[in-house]
Amino acid sequence: KGFGPQGVSGVGKRKLRKMGGVVASRGPREINGVVIREHERFPKQLIHEYCQRQKRPKPRYQRCRCDVKDMFRSRIVLPDSKNESKDIVFEPQEPRSSLHESDQYAALLALHHVSPTLPLHKRMPQPYALAWKSMGSKESQVTTERKFISKQQKNLHHKKKREIANKREAKKLQAQSRYMTVHMSEDVRRIVENVLKSSTQSKNTLSPSEDASQILSESKDAMRVYKVLTKMGFSPSDAKLGVTTTFVGEGKPVKSLVQGALDWLCLHLPEHRLPRYLDASNNTFAVAYIPDTLKEDPKKLNTKGTPKEKRVSYMASRLAKQGYPMHRCREIAVELVKSSSVETDIIGLYLKALSILISEMMQNHPKFTPSSLIGDSEEIEMEAEGLSAILSQDFVREKGYGEGKGEIWKIRIKPDEIEKPKKLSPGIKRLWEYEGWWYLYISSTTTYPHSLPPMWYTHSGLSAQQNLLIIYGISKLWHDNEMTGTPMVYEILEHLKANMPNMLQENLPVTKSWLVDTEIKVVKSDEKVSRGRQSRKKGFSRDKTEDIKLKENLDARNSRKDYQKMKGYRENLPAFKEKQRIVKTLNESRVLVISGETGCGKSTQIPQFLLDHMIDSNKGSIANIYCTQPRRISAVGLARRVAEERAERAGETVGYRIRLENKVSRRTRLIYMTNGILLRQLSGGSLLEDVSHVVVDEVHERSVDIDMLLLVLRSILVKNRKLKIILMSATVDASTFQGYFDNCPLINIPGRTFPVTSYFLTEALTHSGYHTPSSRQMRFKDQQAAEDRVESLWRLLPGNTRDFPKRCLETAALTEDSERHTCDLDLIEALVWAILTKKTPPLPKTEDAKNPNAGGILIFLPGSYEINQLVSRLQRSSNSRPGFQSGTPADRRKSTENTTIWPLGLHSALPISQQEWVFAKTPKNTVKVVCSTNIAETSITVTDITYVIDSGKVKEMRYDPLRKMQMLVETWASRASGTQRAGRAGRVARGVCYRLLSRLSWQALSSHQEPEIRRTSLDFLILQLKLFPLPNSGGTPNPRGKSNPGANPTRKSDKVSKSLHAEIALGMAIQPPSVEGIRSSVAFLRKVGAIEEGKEENLTPLGRHLARLPVGNVQIGKMVLLSAIFGCVTPIVNIAAMLSLKSPFLSPSDKREQANAARDRFSRGKSDHLTLYAVAQAFASVEEKGTHASKKFCERNFLSYSTLRLVKPTVGQYLQSLADAGFLPGAKPFALRNGASVPKAFDINASRDRLLTSVICAGLYPNILQVKAPKHMVKTAHGAALTENEAKELKYYTKSLGRAFLHPCSINFTQHSYESVWLVYSQIVETSKLYVRESTQVTPYALLMFGDPPEINVQSKAISVDKWIHFTAPGRIAVLVRALRKELSLLLETKIQHPKTDIAGSPVVKAILRLLITNGY
């Protein structure tokens, strides 16, 4: 009943179907342009049903703003019944054609949020179904711009964001709390401020050039700076003042303009007008400092015998406490004390000084007129009675000072009497917390009321500068209102109570007499400074008389009977047979390469051939032959040997020239010298016009000096057509040197050594019976690869030695030969005993043997650790084997039937006395076993050796240019080194060499060692290159005397280039270093300030000085230069000398604890560098007593005498260079070289350790270590307490290399605490770890003054250097530090450019010295 197709709802239809009824469908319908079927619903209906099911209020629809005409946008709100902030809002951003459509799409967006996974597209009409399917993808038809669907979600997001920010800030504050604080006491701060204010005043930065409003309106940059300053917390008037005073116009970065304005404001504004975070007086570490002089009783200063300096200090300190400039207070105090007697009351002088300072403060006032009229005493008395009646207990009259005349009026001002403004500046809030006292001194001869009497103001809540501002306000009021002639104290008091806050907002006037004179007088030097030793002669000049005389002397010597024996010895040398060939070749070519084996006599004979040939050719007067050697000992020894062969003494025809020692005369024609000496001569621009021949010996060593010498000599050949060059070596890759000098001739000279039989690992294993552990053998994936390697080794064996045990052959073939392979000491020990017990093949007899009884063993090991281990093993096994015993050359045992074994070590760290043991002659039944590094390869010859055991390993110093770090690496030696080592067995008889590597590994070795120039730092080398006479052209000289097509012809107009790019210059070396290494060194030199910024790579004045110093290290050289500026020359130059030499400390393995205790006795200030200076001082005092006392002192303290005896001449050389450069005006260079003392003016701060460590830091920066220590807490009766750390718990870090370790030889190795967390170090070396050798604790001010320019953040109170050295400090102190650093940089630049300029007396330098010495306290 009543049911029909139009009247039955969906629910009714379902009931009818269940009852069996039939319901007719209505079919699709069109609603608002959308065709909808019977089972489909619009999104609005679906979201309404969802809200009903969830029992939420029904949705609300709101119309939104739409920027497209005739289009609509809607917003849907799903309200929350309890909390309005949880209402969910959805707002599609796409506009729709009708309001109905926009509502539907808003509902669709809400549906996707509440039911994103349901297949609702099946229940929606077609356009909305398609939109539902695309939602969540990039092609979605419905999107929203809203980030948050509800206020609650938005609040939660911002809350989470704030929590993250708070955690980040807490971490930052926690990190800052660990940073060191930069302290600066109030009196030090006043000194710095006065200096900097005077410096800025001299630049006219106080007076603004234009009106503030005009600048702000015309310049956008000025307005930006103004807004930044106001945002920082400055008042608008102060921000305008900062902008107008420092603004220099458009074009500069806004950050730079803000920094300039901020610096000026922090420097010139009173502290109470600064933002809170900038005020240094509000920090506990910047409280006022009370000098000890103020604690003196003034009455005691009036007695006889009181030093004037004590009275001056008391007066100056008391005046400065009132806010007056310290330097001016001292000047006035000195003047008054000097002009008065001791009996004059010190307080009376103080009051007189106050009058002078107040008058100076007001001298620029337009109405200031000093008066000399005497005041009316009756009138003054009446005023005093009136004040007493009005003020009652707030007015006190006290007896005056001096001769009992006059009195002091004290007027109290209570806090509640001062008017309080509505807005209070943070700096004056304490004005209402304490009472103040106004003091006036009324003497019997006072000029009051015609002029103001001496007065001062004290208030516990105000700073000294604020108290002075009140005095200035009173004085200004007096002169503005022309109050002279009438007592006006009460009127002034009332004005004070009403206007004191305004007075504190004023600025003190600019007083010229209060400014420090920061100008320095630049002294320019036009004369050329002499650098090093000049050449003996200028060019060639023939002297026939000298030629004849030299030839007669040569003929006479050759005909003497006593010379025939020496002549016969020389003629028997292999080199003598090549004399005519050598001379003839040099007549045809300008360059000659000679390859001579060991013992051929090339080093002693070939230079003599050249000299004798020139003398025979009547050219002796122009003979000047240089023969260079890689080592000092070689140059001296060869010169003495050649002089002996020529039947004369060194210093006559033959001499030598080495660092710190010279043995030449006017008659000298042949000079042996080190490579470095010749390079130093060439660095002065010399083209060797007065030299006939240059003989470069031992070129195979390929040191940096040798490679650089070849590079420069090759360039000089283009300019100097008369110069001839001879290259000599024992083992040389002839093609390399011939190609470098345009295929010059080569002569080979055979040696005179005895044959040496070479055995390899196969023979060593067979003869010793030793079996290599499996851990030392290679691992192969399959057996076939191992068999192939054994087969390869078998093929390399000589035909007569292939019958080896299979075990030995396989072991030798499969023994690990990688870089990580270490020495097998078990094998070496077994082989030594096989030789000693004669289990090895016997040596063939040598008829002409020099020492037939020789049988010593020389073992080459990589380092001292392996040497000490093997020596200990041999000592133990010698004493345990029957028929053997161990001993040393120092033992005085009676001869026995047992065979004595001398296990001896030989390395550079051993004392000289132990090194000399290897040269001792062995008695009967004694065998010498020498365990040595490669020092015995060429430098030292042990004469009674017939067996050599070569481990094949060497410790080599390499350099990582990217990390700027040296690495001591154990690696395989080259085949050339192996040949040289084997030759040591054949010096006296036939010998045997056991190489502990297989023939396969021997073939894989490099032919020669990598040149040192490719594995060392290039910093100092690049500086020296700028001084060498390198041509601009890249042409190469023709060694045969003809012009080379690639080289420019020689002309007088040719110029020498001193700004040749480092990559181009070093690219001309025989084997150039890596480009990365060159660029790294150039970048470092720019950081140090030795090379200008830009593409030209020109030397700066500092770079020129560093290149000419004979230091060899850029950082140490900079340290030496700065010592002359800061008055600590002697200690710093001694430290530099010690660093350039080997370490003076010895550490014998059997007495290591005693050696460490002896070293600790010299320790000074947690500094290895100051400890070195203490050692130098102690040795210098003992050296005066003689050589014997010096050696005993060194033995007692485990010091190296050979190192310490070189300190004094090295110091003399450095001092001479400083004086030559002009850094020690008035000092005589040659007197300093010969041991004269440094003038006292340059050693005035020599005893101040903090300054010494600061100068060390200035030189060695950026070699900085950070110390990190863990915190340990323990329970005590009073709670938890911190405990001290142990030395091993401290960790050290560098910026780029990570963690490093102090070397056990360092004084700081046992330190468990430091006052500063920063150390500076000389060198870092990588061995098994990153080890730092010499280190020194440095203060924050050393890093701030001499590190990278500090970056400050005044708001976070942070200062950072190089972005990793962090300190905390109030903004004002940070600004002062940055400004002072700028002034120091300008002064140092002036001093370096003009060394004779005296900047030691500059107020800037004095202020910095005060900071460095006191660390700000």
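Quick summary incoming for the structure in this document. If you're wondering where the values come from, they're calculated on a predicted model, not measured in any experiment. (Residues numbered from 1 in each chain as written. Predicted model: local features only at pLDDT ≥ 70, side-chain atom pairs only at ≥ 80, totals over all residues. Heavy atoms only, no water.)

### With respect to helix α40 (residues 1152-1160)
Filter applied, for reference: The buried label applies to any residue whose accessible area, calculated with a 1.4 Å probe on protein chains only, is under 20% of its type's maximum; exposed applies above 50%, and partly exposed to all values in between. Strands are runs of DSSP state E lasting at least two residues, helices are runs of H or I lasting at least four, and both sets are numbered from the N terminus onward. The arc refers to the directions leading from the helix axis to the C-beta atoms.
Buried within α40 we find A1155, A1158 and R1159. The buried residues of α40 all sit within an arc of 100° when viewed along its axis, so they share a single face.

### Some details on the packing of aromatic side chains
Defined as follows: What counts as a ring pair is set by centres within 6.5 Å for rings of Phe, Tyr and Trp (its six-membered ring), and what kind of pair is set by the plane angle: stacked under 30 degrees, edge-to-face over 60, tilted for all other angles. For a Lys NZ or an Arg CZ to count as sitting over a ring, it must be within 6 Å of the ring centre and within 35 degrees of the ring normal.
By the definition in use, this model includes 16 aromatic pairs. For the ring pair F395 and W409, a centre distance of 5.7 Å and an interplane angle of 70° mean the geometry is edge-to-face. Here F395, found in strand β7 (residues 395-399), pairs with W409, found in strand β8 (residues 407-413); they are 14 residues apart in sequence, far enough to count as distant. Classification of F395 by relative accessible area gives buried; the value is 6%. Both rings, one in Y1292 and one in Y1314, keep their centres 6.4 Å apart while their planes meet at 85°; by these two values the pair is edge-to-face. With Y1292 in strand β33 (residues 1291-1294) and Y1314 in the loop between β34 (1298-1302) and β35 (1318-1321), this residue pair connects regions lying 22 residues apart in the sequence. Like Y1314, Y1292 is buried. Ring-pair connections join several aromatic residues into one group, and the members of that group are F42, Y105 and Y128. Directly above the ring of Y105 sits R96, whose terminal nitrogen or CZ lies 3.7 Å from the centroid. Directly above the ring of Y1293 sits K1268, whose terminal nitrogen or CZ lies 4.9 Å from the centroid.

### Concerning the nonpolar core
Filter applied, for reference: Side-chain atoms within 4.5 Å link the members of a nonpolar core, which is a set of buried Ala, Val, Leu, Ile, Met, Phe, Trp, Tyr and Cys residues. Residues are treated as being in contact if the distance between any of their heavy atoms lies within 4.5 Å.
Counting 184 residues, the largest nonpolar core has F234, L688 and F1126 as the members making the most contacts within it. Looking at which element gives the most residues to this core, the answer is helix α48 (residues 1371-1393), with 11 residues. Other than its neighbours up to four places away in sequence, F234 contacts L229, A239, L262, L265, L269, L274, P275 and L278. Counting residues in hydrophobic clusters, the runner-up holds 66 residues, among them A333, I380, I471 and L496.

### Section: the pairing of strand β11 (residues 591-596)
Walk down a regular strand and you will see the side chains alternate between the two sheet faces. The condition is simple: Pairing between strands is defined by DSSP: at least two bridges between them are needed.
Within β11, 6 of the 6 residues are buried, leaving the element largely enclosed by the surrounding structure. Of the two faces of β11, both are covered, the one formed by V591, V593 and S595 as well as the one formed by L592, I594 and G596. When β11 meets strand β17 (residues 724-729), the two strands line up parallel, connected through 5 bridges. Looking at β17, one finds that I594 is bridged to M728. Here β11 pairs with strand β18 (residues 746-749) via 4 bridges, running parallel. When the bridges of β18 are listed, S595 appears paired with N748.

### Comments concerning the sheet that holds strand β4 (residues 73-78)
What counts is decided by this rule: The axes used here are C-alpha line fits, helices contributing only the stretch in contact, and every angle between their N-to-C directions lies in the interval 0 to 180 degrees.
In spatial order, the strands read β3-β4-β5; together these 3 strands make up an open sheet with antiparallel pairing. Taken across any chain shown, the strands that pair with only one partner, and hence form the sheet edges, are β3 (60-64) and β5 (88-90). With direction set aside, neighbouring strand axes in the sheet form an average angle of 25°. Bridge count between β3 and β4: 5 bridges; the pairing is antiparallel. Its bridge partner lying in β4, R63 is registered against S74. Strands β3, β4 and β5 of the sheet are contacted by helix α3 (residues 99-114), whose axis makes an angle of about 40° with β4.

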